[in-house]
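So the chains spell out like this:
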Amino acid sequence: LAKTTQPISMDSYEGQEVNITCSHNNIATNDYITWYQQFPSQGPRFIIQGYKTKVTNEVASLFIPADRKSSTLSLPRVSLSDTAVYYCLVGIYNQGGKLIFGQGTELSVKP
Amino acid sequence: KAGVTQTPRYLIKTRGQQVTLSCSPISGHRSVSWYQQTPGQGLQFLFEYFSETQRNKGNFPGRFSGRQFSNSRSEMNVSTLELGDSALYLCASSWDGGGGRGEQYFGPGTRLTVT
C-alpha cells in the first residue's frame, strides 16, 4: 500500500491560491491519486482524481510530476468556505471500495 | 439524484449493548463501504460490500459486522459496545468498485456515543 504524507495544517487568506502537496513514494503503476475534502461532522467529498500530468475541474487542479511520487492539489482563490480537511489518497486500484485515508491537511482560510 | 442517506444520524448506547446502523446508497450504486472516524485514529476502513457480498475488510474485531441487501442497502452491526466505539460512522457508495479509480459518495454519517 502506498503511504501518503501531507502537511498537517496550512493557513491562507481569502482570494489566495492554495497548493497542498502530498508525497507518495511507493505509488504503484496502476494507482490513481484522489483528493477528498471534509467539513466537520460531514462525510468526505470527492474533489479531483488524476493519474499523471495535470487534471483540472471546476473547483481545483491536480498536478502530478512524471515520477508520480508526489502530487499537488491547487485551489484557486480560496474563500472562507474552503476551510476544511483535505485528504490525499493513493487508490487501491482494483480492490473495490477500500480507501486508505491519511491524516489529512487542515486548511484554515482567514478573511 | 438523492445522495447517500444514513440512519439514525445520532445514537447513544450503553456499554455492552449492540447497535445497527443503516445506509441507503445512491440509486444504481452497487458498492457500499463503511468507515469509522475518531479524533485519535482518523478515518478507518471497516468493510465493503458489492452485490450482497463482502469484498473487502479492514482491521476491526469481529464485533463489527455488516450485510448488504438485494436493493444495495446496507447495515452494519456492532455488538458488545465499548467506550472506544464512540465515533462517526460513515457510509460511502459508488457505482462500481470505486477504490482508486472511481469516486465514492459519502453519507452524512451516524454519530454513535457509547456511555
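To be clear, the structure that these remarks concern was listed above.
Each value, and the rule that gives it
- Residues numbered from 1 in each chain as written.
- Chains lettered and ligands numbered in written order.
- Predicted model: local features only at pLDDT ≥ 70, side-chain atom pairs only at ≥ 80, totals over all residues.
- Heavy atoms only, no water.
- Pairing = 2+ DSSP bridges.
- Helix = DSSP H or I, 4+ residues; strand = E, 2+ residues; numbered from the N terminus.
- Axes fitted to C-alpha atoms, helices over the stretch in contact; angles between N-to-C directions.
- Contact = heavy atoms within 4.5 Å.
- Buried < 20%, exposed > 50% of the residue type's maximum accessible area, 1.4 Å probe, protein only.
- Salt bridge = Lys/Arg side-chain N within 4 Å of Asp/Glu carboxyl O.

J.: Explanation requested: the sheet that holds strand β5 (residues 53–56) of chain A in the structure shown.
T.: Residue and element names in this part refer to chain A. An order of β2-β7-β6-β5 is seen for the four strands of this open sheet, with the pairing classed as antiparallel. Each edge of the sheet is formed by a strand with only one pairing partner; in this case those strands are β2 (18–23) and β5. Here the strands of the sheet are splayed against their neighbours by 15 degrees on average, with no regard to which way each runs. Sheet topology note: the β2/strand β7 (residues 70–75) ladder contains six bridges and is antiparallel. When the bridges of β7 are listed, Ser 23 appears paired with Ser 70.

J.: Please clarify how the environment of Gly 42 of chain B should be interpreted in this entry.
T.: Residues and elements named next belong to chain B. Its location among the elements puts Gly 42 in strand β5 (residues 42–50). For the pair Gly 42 and Ala 87, spaced 45 residues apart in sequence, the C-alpha to C-alpha distance is 9.8 Å. Not counting residues within four places of it along the chain, the set of residues in contact with Gly 42 comprises Gln 36 and Gln 37.

J.: Help me understand the pairing of β7 of chain A in this model?
T.: Every other side chain in a regular strand lies on the same face of the sheet, so the side chains alternate between the two faces. Residues and elements named next belong to chain A. Most of β7 sits inside the fold, with five of its six residues counted as buried. As defined by bridge partners, strand β6 (residues 61–64) adjoins β7 across three bridges and the pair is classed as antiparallel. Each residue of the ladder has a partner; that of Phe 63, found in β7, is Thr 72. Hairpin connection of β6 to β7: five residues between the antiparallel strands, including Arg 68 at a positive phi of 60 degrees.

J.: Which parts of the structure should I look at to understand the pattern of salt bridges?
T.: Should their charged atoms come close, side chains of opposite charge can pair. Residue and element names in this part refer to chain B. For the coordinates displayed, the defined rule picks out six salt bridges over all chains. The salt bridge involving Arg 55 is made with Glu 48; its shortest N-O contact spans 2.8 Å. For Arg 55, a relative accessible area of 36% translates into the label partly exposed. When its relative accessible area of 0% is taken as the criterion, Glu 48 is described as buried. Salt-bridge contacts for Arg 73 lead to Glu 75; the nearest nitrogen and oxygen are separated by 3.4 Å. Via salt bridges that share partners, Arg 63, Glu 82 and Asp 85 belong to a single interconnected network.

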